[in-house]
Structures are given as C-alpha cells and as structure tokens.
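Breakdown of the fold
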Amino acid sequence: MTTHSHAYDETTDVELDLIEGEDSGDSLSGHDEYDHELSTEGLDLEERQALRRVVGMSTELTDISEVEYRKLLLERVLLVGVWTEGSAEDAENSLAELKLLAETAGSEVLDGVIQRRKKPDAATFIGSGKVSDLRNLVASLGADTVIADGELAPAQLRNLEDKLKVKVVDRTALILDIFAQHAKSKEGKAQVELAQLQYMKQRLRGWGGNLSRQAGGRVGAAGGGIGGRGPGETKIETDRRRINTKIAKLRRELKSLKGKRSTLRQERRRNLVPSVAIAGYTNAGKSSLLNKITGAGVLVEDALFATLDPTTRRTTASDGRVYTLTDTVGFVRHLPHDIVEAFRSTLEEVADADLLLHVVDGSHPDPMAQIQAVREVLTEINAIDVPEIIVINKADLADPMTLAPILHREPHAIVVSARTGEGLDKLRELIEGGLPQPQVALDVLLPYDRGDLVSRIHSEGSVEQLEHTADGTRVTARVHPALAGDLTPYQTA
C-alpha cells in the first residue's frame, strides 16, 4: 500500500480525493457548517481540508504463510486521529503509539489518517464531511474496525458506527481490552473488569419502551392493567441496574484484597524495611530492571502492558541493609481514568514508597512526553512528592542527542541498559544513597555471643565502621529507635 507523509501529494486509486476546496458531500450544512468553520478557524487552508496520511501505519509481513494466517484471525483496523495541538511529529507519534496498542490487542493495522482541527467535532470526532471520506477509505481498504485516537463520547461512537457501517473503538476501550488480555491475578482481573463496567455503563444502547419489562397483573386496554400502565422498566435500565450491582460486588472484593495488601505493607513498615517502587511508561523495561537487580524472574516481553500484576522482591544493599523493590503497572499517554481508579490500590505501592525509580524508554523518539505522561498519573495518585530517580533505560539503543535534554533538565537522572548491564552498578549506588537513613547514631561494643545484634545492625541499620577487638565487636552505626533501645546497654562512653 502506498502512503504519503503530506496531504498535498498526488493521490492514488486507493486514496481519497481530499484536496477539494470543501468537504465532500452535503454533510456540512446549517449548524454543522457553522461548527466546522469555528473548529478550523485560524488553521492553514490545506490542513483544514485534508486528512493527513501517516507513513508506516500498515502492518506488513514478509512471510506469505504468516500473512494468510494473520488475515484469517486478526481484525483489520484503520486508525484515525485528530491533531489539535503541538507539531505534526507529536500527532504522528501519538498515532504510532496507537498502532502498537492495536497490534498488542491482536489486530492488523491497514493505515492511519489524521485530521487537523482546533478541537474534535462534538458529533463525529473528525467532522461530518470527513466521515464521508473516511467511509470511502474503509471500503477501499476492506477494514472491519476503526480505532479513534482519543476517548469518544457515546454520541460520537454511535454516530460514527451508523455512518461508517463498521465497528468503532476508541483509545480507552482498546487499552481496557489489552488489560483484560494480560491480567493474571484475581486482583488484576477484578480491577480490569471494574474499569470495563464503568466504561460500559455510560455507553449502553437501548430502544426505549419497545423492550420494556412490565410487571405482572391483569392486562388492561393499554396492556398494563390497573396501576401498571406505562413503559415499565426498559431493557437498558435493567442492564444498567445489573452493571451497578456487579460494580458494587467488585468494589467489595477489591476492598478485601486491598486490606491484604495493606497488611503486607504494614508488616514491612513494622520491620522497618525501606521500599523502592519501579514506575514508568509501558514497555520501558521496568521488569527487566527488577530482574537484573533482584533476580526476580518476572516475565519480560517486548510488548505493551506485558505485566500488570505488581511484583515485590527483597534485596540487600552493599552495607547489608534489606529493602524491597516493587514493579508496578505501566503507564501510557491518556491512561483511562477508570483504569487509574480501578488500579488505585496497586498504585498505592508507588505513593507509599520511600524511593521511586521512574523508568524511561531511551529508544523512544519523544522520551520527554513519556516522563510528562507518567508524572500526570503520579499527581493523580498523590505520589508526585516521592523522591525520584529518572532511569533512562535501553542505553544501547538510545540516541545520545535525544537523551541530552533529559540529563540537562533532570538532576537525578542516570542512563542504563538492563540488556547489557551498562550503568547498573551506578544505579545501585544511587538507590542505596536514596534510601532513608536511620535516625540514631551509636557506638557500641558487643560481646561475641551477641552476634544476633550485629546481624540486626547490618540488616536494619547502616554500618559506618566495624572492628573486632579482644573484648568484642565494636560497631559505629546508625539504627532505628527500636533497635537503639536493645543496643543501649552496650554503648561505649
């Protein structure tokens, strides 16, 4: 398939005639035409009148047998986005990310187009005139699904499906579908189902009184009997009530599971074990880092949202202190609010951590946008004040010129490669330096039969100096108040 990076190039038989002075058809009239003029006011003429083709959206395979297999099983999708702000490169990066999401969900991407507008059209997302052009493109490509790069209102979703005659999915539904595929634990499945039901509740469809559920009784002239005339409870009302019941049940289950997670966190706090949370953009290499530092053996895959369930592992610092590392769910631009709410108990691992490793994909064309997207979610879960280390992963694939602005703007940033091991020793030093230090400084002389206290100082405190003498083990260290009480009898003058 031939694609073009500019909307002003010559068109082919497959492409649409999008260079006309006005939108095709008579779809823009009256209020639609007035709204269209308002939404595109101040934009260049060519940009207003064209759907911008994005190069490289097609999922092309070289092996013929694999092509036939994928065509049999995978949905054939067309991507459409609205470019409202930023540069053309930003808009294309967003659509490229949507392509990766669509392929992760299990689809074959045929093509992608972008419409330049001041704001999305309230009725059809891309404008009534462009819907006609998009319908022709869907027919010419043989697509059976259209994925919009944004969250569609129920009316927009209904209008697009009615006019395009194919299934329409927005970015939120796509991400929820990926989460549903990858959730493995009981808590993860419940969280995803809750988010899906909250999304679905606002998008139920019905046919009014035609599918009403009427209570029993003698049938009168109007079909309802005395006291029962009227539409009764419609099918859509029944569906909404059942969804609300299911949501309430899931919330109770998650509350119970949240209590178990809170108990585990309190146990770690009681034992004064510092916690380090790993957060960041999806597919940035969070699980790979956890495996390298702790040997956790977590699933590592070059895919978006490969792991959803949090994993916590203990590890030991060079001075003997024990701390935990927790791998959390990955973030993405415009992460659905329902997902954030449903995974709030999981994301609390980040908010309650003593230190945050913010992992960034150094090979991404726009890593600063990733950092901004993650920090938006951190703000939403009240974790923005947690001490942060920016870990730029995939140094072996990164462009140094792309990383330079991040290293300049972020004072606590380090470049590593979980694949080659580059920078991991320095990262461990930064983690150990960022762990909270015990408050009480002590100089004690411990008898040799109190090796248990020496072991506790190593695991719970920070040893500054250790010397074996004829009278016992002399230790200069910083410890927590609880351990300081046990060491007081052995304190030197």
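Notes on the structure in this doc start here. Since this is a predicted model, take the numbers as computed values, not measurements.

The rules we used
- Residues numbered from 1 in each chain as written.
- Predicted model: local features only at pLDDT ≥ 70, side-chain atom pairs only at ≥ 80, totals over all residues.
- Heavy atoms only, no water.
- Pairing = 2+ DSSP bridges.
- Helix = DSSP H or I, 4+ residues; strand = E, 2+ residues; numbered from the N terminus.
- Axes fitted to C-alpha atoms, helices over the stretch in contact; angles between N-to-C directions.
- Contact = heavy atoms within 4.5 Å.
- Salt bridge = Lys/Arg side-chain N within 4 Å of Asp/Glu carboxyl O.
- Buried < 20%, exposed > 50% of the residue type's maximum accessible area, 1.4 Å probe, protein only.

1. Observations concerning the sheet that holds strand β16 (residues 473–479)
The three strands lie next to each other as β14-β16-β15, forming an open sheet whose pairing is antiparallel. Of all strands in the sheet, those with a lone pairing partner are β14 (440–446) and β15 (462–468), marking the two edges. Direction aside, neighbouring strands of the sheet carry axes that sit 10° apart on average. Helix α16 (residues 451–460) rests against β14, β15 and β16 of the sheet, and its axis sits at about 145° to β15.

2. Quick notes on the sheet that holds strand β8 (residues 275–280)
If you walk across this open sheet you meet the six strands as β9-β10-β8-β11-β12-β13, and the pairing is mixed. Looking at the sheet topology across the chains shown, the edges are occupied by β9 (311–316) and β13 (413–415). Ignoring strand direction, the axes of neighbouring strands in this sheet form an average angle of 25°. Of the strand pairs in this sheet, strand β12 (residues 388–393) and β13 are connected by three bridges, and their pairing is parallel. Residue pairing in the sheet places I390 in a bridge with A413 of β13.

3. Quick look at the pattern of salt bridges
Within the structure shown, the criterion is met by 15 salt bridges. Where E97 meets R333, a salt bridge forms, and the shortest distance between an N and an O atom there is 3.9 Å. Of this pair, E97 sits in helix α4 (residues 88–105) while R333 sits in the loop between β10 (322–327) and α11 (337–342), and the two are 236 residues apart along the sequence. E97 gets classed as buried once you look at its relative accessible area, which sits at 7%. The class for R333 is buried, based on a relative accessible area of 14%. Linking D443 and R474 is a salt bridge whose minimum nitrogen-to-oxygen distance equals 2.9 Å. In this pair, D443 is assigned in strand β14 and R474 in strand β16, connecting sequence segments 31 residues apart. Classification of R474 by relative accessible area gives partly exposed; the value is 36%. Several salt bridges share partner residues, and in doing so they unite E97, D149, R171 and R333 into one network.

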